[in-house]
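Analysis of the macromolecular model
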Amino acid sequence: MSLFKARDWWSAIVGTKEEFDQGCLCVANVDNSSSGQDKIIVGSYMGFLRIYNPHPIKPGETMQAEDLLLEVQLCEPILQVAVGKFVSGTELLHLAVLHCKKLCVYAVSGTLGNIEHGNQYQLKLMYEHNLQRTACNMTYGPFGGIKGRDLICIQSVDGMLMLFEQETYSFGRFLPGFLLPGPLTYSSRTDSFITVSSCRQVESYKYQVLAFATDAARKETEEQKLGSGKRLVVDWVLNIGEQALDICVVAFNMTVSSLFVLGERNFFCLKDNGQIRFMKKLDCNPGCFLPYCSVSDGMINTLIGNHNSMLHVYQDVTLKWATQLPHIPVAVRVGNFQDLKGVIVTLSDDGHLQCSYLGTDPSLFQAPKVEARDINYEDYDAEMNKLQKIIKEATKTKDILPKPEKNEDLALVVEVLSDLDSVSQVADTEVRAEVVPSVTVKITLESKLTALKTKLSVHVQSPLALTHDKFILELDSSVSKTVALSAFLKRNCSPADLDGSALASYSTPTGIPKFAVCRFRLPLRLVCFPAQPSKTANQRLTIDTNKPPVSLVTLFPDFADQADEDQQNALGFQLLAGSRVTLLASKTSQRYRIQSDLLEDIWLITKELTLRLEEHFKKQNCKDFTCSFSGPVPLQEYFEIIDHHFELCSNAAKYEQLLSERAIQFRAIERRLLARFKDKTPAPLQHLDTLLEGTYRQVIALADAAEENQANMFQAFTKLKSATQLVILLISLWQKLNADQVAILEATFLPLTQDTQELGWEESVDASVSHLLKTCLSKSSKEHALTLTNQLSIPKDTNRLKKHITLLYDRLAKGGRMSLSMDVDAQQSAVLLGGCATIPESDLEERSALQEPTTTFTNHRHLPKQKTKPDLPQDELQEAEKP
């Protein structure tokens, strides 16, 4: 509980499922009682009008029935209520109720009964005005200096001020340059109306200027013909730079008055001529405010309620008090009830009405005295050293991601069927193949708790797609539910990954949010089909193993024919949106060759080969199986893919700039044409229409080109991810990297899931590689202390990126290793003790790397000292390539 919590004096819940706003609350002596006690008038958007006479209640008690004096349902929603001298011939207070299309003035009167419960209050309609325009808000006052009565001014939603002299309609005027209605008030000292326009500026209009201006009912052409009336001119304007929530005038006397404006982030105090007296920047979003005269001479207090359920009291710009409310106020007033002056009345948007006062509860708690004891500094030092060791061990963790805890509340199982769908479920695809297959994925969920409402999301990487990816399931305890969906290739390019994930989110009965994740892998048959092996190819890679070769029919039974002996050593894969890939297995050596015309298309087959080899030898309980790669790393082809992607990204930026220039030109021509069409005297267009049509065609052509470039950029980025994952796999096999080091490489080269104009792949990877070169792959601890402070920006070319990638591979080839450990000095000393010389980092090295970015590296530790054998013998290769 807050120390400065508002003291509840009286409270009530107004209606059920009703809505209220700023103008729905009014506090005044509406029944003109002799005691002068205020009443609370509340109107709702549901059309209910209620009048309360609050009495103090004890804590924990509810409102008494006699506190509600009157409750009546009117015909239309109530926008605003106000109390003033609205009836001619009398100075008694009457109630004005503003509806959307009507203004009604009522007299509230009460009849005393024999007992308190017998008091009866009545609402009598004095007069009403049917509005021709939809009303927004209203204000009232002694317009024109009239005495003894109040006039009413209503602002419509289309910017018309309608003035009513009690029972008669006076006149209406349109505000110049109007777009949206804002708060409206009247200043009696300057006899002017003050509002805040949609241009975020405070505007003041004199009543006399409004009275003598042109009638709003006349049209512009009639004004020009008759020549009567004057133009409505603003008295003064002040730009506050934000939209206003409310506006109020506070006057100490007839000589000094102040205008208060509540903005979205500040509140302003202005003089009568529009000059700023002071302003205050608010820490929280305000909802309502109420300025009133302070006890101190020349000071003004302001109550401001914000969306944090707080009510702040400011004296000018100084915060004097802050109190906690049980709701978010949308309206605040001050009234006098039961001889208690200055009661704060607040109303929330859902009908929480409260009368409170400011104060604090005295704290009777006293902290007990703590017994003094001797301090043992040796125990403190021992405990400090123990904690420092724990902190040091925690900072040396090698896990990039925390290990997820085993979920015991929800069982999530994903099953990918081994066979493709007999009838393809593809609905919309860009692939130009004759038949685009689909595969069924079954997801089973079982709740081990009570009934759970579970949201299931399934995700696969584009260009793959799913027939359904969102489900909402109602799970009963120990009853499983299964949903089925189909996956297929949607975009016309080969995917970089066949992995997918299913995520189920739910909340436990105690309200704790939890989730369960299950990952799955789609079959290779989804993106390719069997084909004849190709003898010629531009790209070739050879994977070495330490075990005898396995027949390709055994490894790929879904692609090979068991009866065809030729397919035991050669298989062909035709990608649905790519080239043909050929897989060859040596009969004598322990090697496999993957070849294709495109480097990025080799990735899926190479990854599938390594996975199936590991699974094959794992079933045979072979634990020492390893794959290796002896080089060379295809950097030249990889850099060509990077250059192609960077060129498309540069083209996207150019298209965006050209589109912006043509759009500015198009709007300028439109403005010229519009000015010509509005001109009274016709003038030649001077070929502006031709220029407009030509610019329009250029905009459409540029938009089509940008859209096509965006599709090409998506395909290029997908190919770049495939090539990047292939290069990471080759480096890990080449240098025998462990899982943590491979994870660091993947985080370095694959930082983005999608490419955008705000953040591109090139600048992200360049920053990541530079960080590795200056930290764990640096030559000394001095470089480790350097930090990268440059902001990411689109580079001019890819030379710097290719140079850094080449240096990274060079340092890995010379024995450098990547680690997330903070103890870099120990890591470097271990590397140096292992026989790896210090890596020179001079300008000559960088210059040579820049001039020869296509350098390939070979790990000579994995090659025998004798004469190196070719990857595959020629006679054996010819036999394997025979159809």
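To keep things clear, this report deals only with the structure shown in the data block. (Residues numbered from 1 in each chain as written. Predicted model: local features only at pLDDT ≥ 70, side-chain atom pairs only at ≥ 80, totals over all residues. Heavy atoms only, no water.)

1. Description of the overall build of the protein
A tally of helices and strands in the protein yields 14 helices and 42 strands. When each of the 883 residues of the protein is scored for burial, the buried share is 44%. Expressed as a percentage of contacts within the protein between residues at least 6 apart in sequence, the contacts between residues at least 24 apart total 61%. Entry remark: accessible area of the protein is about 48000 Å², with carbon and sulfur atoms responsible for 51%. (Helix = DSSP H or I, 4+ residues; strand = E, 2+ residues; numbered from the N terminus. Buried < 20%, exposed > 50% of the residue type's maximum accessible area, 1.4 Å probe, protein only. Contact = heavy atoms within 4.5 Å. Areas by Shrake-Rupley, 256 points an atom, 1.4 Å probe, with all protein chains shown as cover.)

2. Describing the nonpolar core
In terms of nonpolar packing, the biggest core is built from 100 residues, with Ile 443, Leu 456, Leu 522, Leu 524, Phe 573, Tyr 638 and Phe 749 touching the most fellow members. Top element by residues in this core is helix H7 (residues 688-735). It accounts for 11 residues. Leave out the neighbours within four places in its chain, and Tyr 638 touches Leu 599, Leu 720, Ala 723, Thr 724, Val 727, Phe 749, Trp 761, Ile 805 and Tyr 809. Membership of the second largest hydrophobic core comes to 19 residues, among which are Leu 25, Ile 40, Ile 57 and Leu 347. (Core = buried A, V, L, I, M, F, W, Y, C linked by side-chain atoms within 4.5 Å.)

3. A look at the environment of Asp 740
Along the polypeptide, Asp 740 turns up in helix H8 (residues 739-749). Residue class for Asp 740 comes out partly exposed when judged on its relative accessible area of 31%.

4. Here's the deal with the sheet that holds strand E19 (residues 257-263)
The strands that make up a sheet are held in pairs by hydrogen bonds between backbone atoms, and each pair lies either parallel or antiparallel. Pairing is antiparallel across the open sheet formed by four strands, whose spatial order is E18-E19-E20-E21. Because the sheet does not close on itself, it has two edges, and the strands there are strand E18 (244-251) and strand E21 (276-281). The average angle at which neighbouring strand axes cross in this sheet is 15°, direction not considered. Sheet topology note: the E18/E19 ladder contains seven bridges and is antiparallel. Note that in E19 the partner of Ala 244 across the bridge is Gly 263. (Pairing = 2+ DSSP bridges. Axes fitted to C-alpha atoms, helices over the stretch in contact; angles between N-to-C directions.)

5. Re the pairing of strand E26 (residues 329-337)
Here E26 runs beside strand E27 (residues 340-348); their pairing, made up of seven bridges, is antiparallel. Across the sheet, residue Val 332 finds its bridge partner in E27, namely Thr 346. Between E26 and E27, which pair antiparallel in sequence order, lie two residues; one of them, Gln 338, sits at a positive phi of approximately 55°.

6. Re H8
Those residues of H8 lying buried are Gln 741, Val 742, Ile 744, Leu 745, Thr 748 and Phe 749. Buried residues of H8 fall within an arc of 155° about the axis and therefore sit on the same side. The inward-facing, buried residues of H8 abut helix H6 (635-678), H7, helix H9 (761-774) and helix H11 (799-813). Among the residues of H8, the N-terminal cap falls to Asn 738, whose side-chain oxygen and the backbone nitrogen of Asp 740 are separated by 3.3 Å. (Arc of directions from axis to C-beta. Polar contact = N/O pair within 3.5 Å; in protein donor to acceptor, adjacent residues only side chain to side chain.)

7. Some points on unusual backbone geometry
The residue after Ser 462, namely Pro 463, is reached through a cis peptide bond having omega 20°. Relative to the assigned elements, Pro 463 resides in the loop between strand E31 (452-460) and strand E32 (464-466). Positive phi outside glycine occurs at Lys 17, with the angle close to 55°. Among the secondary structure elements, Lys 17 is positioned in the loop between strand E1 (7-13) and strand E2 (25-28).

8. Section: the pattern of salt bridges
Here the structure, examined in full by the defined rule, presents 21 salt bridges. With its nearest N and O atoms 3.0 Å apart, the salt bridge here joins Glu 71 to Arg 50. One end of the pair, Glu 71, is in strand E5 (residues 68-73); the other, Arg 50, is in strand E4 (residues 48-52), and 21 residues separate them in sequence. Take Glu 71: its relative accessible area is 44%, and that puts it in the partly exposed class. Since its relative accessible area comes to 4%, Arg 50 is described here as buried. When the shortest N-O distance is used, the salt bridge between Arg 612 and Asp 558 registers 3.1 Å. A residue pair is termed long-range when its members are at least 10 positions apart, and Arg 612 in helix H5 (residues 602-619) and Asp 558 in the loop between helix H4 (552-555) and strand E39 (570-575) qualify at 54 residues. When its relative accessible area of 15% is taken as the criterion, Arg 612 is described as buried. Taken together, the salt bridges that share partners define one network made up of Asp 497, Asp 499, Arg 521, Asp 558, Glu 608 and Arg 612. (Salt bridge = Lys/Arg side-chain N within 4 Å of Asp/Glu carboxyl O.)

9. Points about the sheet that holds E26
In space, the four strands of this open sheet follow the order E1-E28-E27-E26, with antiparallel pairing throughout. The two strands at the open ends of the sheet, each matched to only one other strand, are E1 and E26. Here the strands of the sheet are splayed against their neighbours by 20° on average, with no regard to which way each runs.

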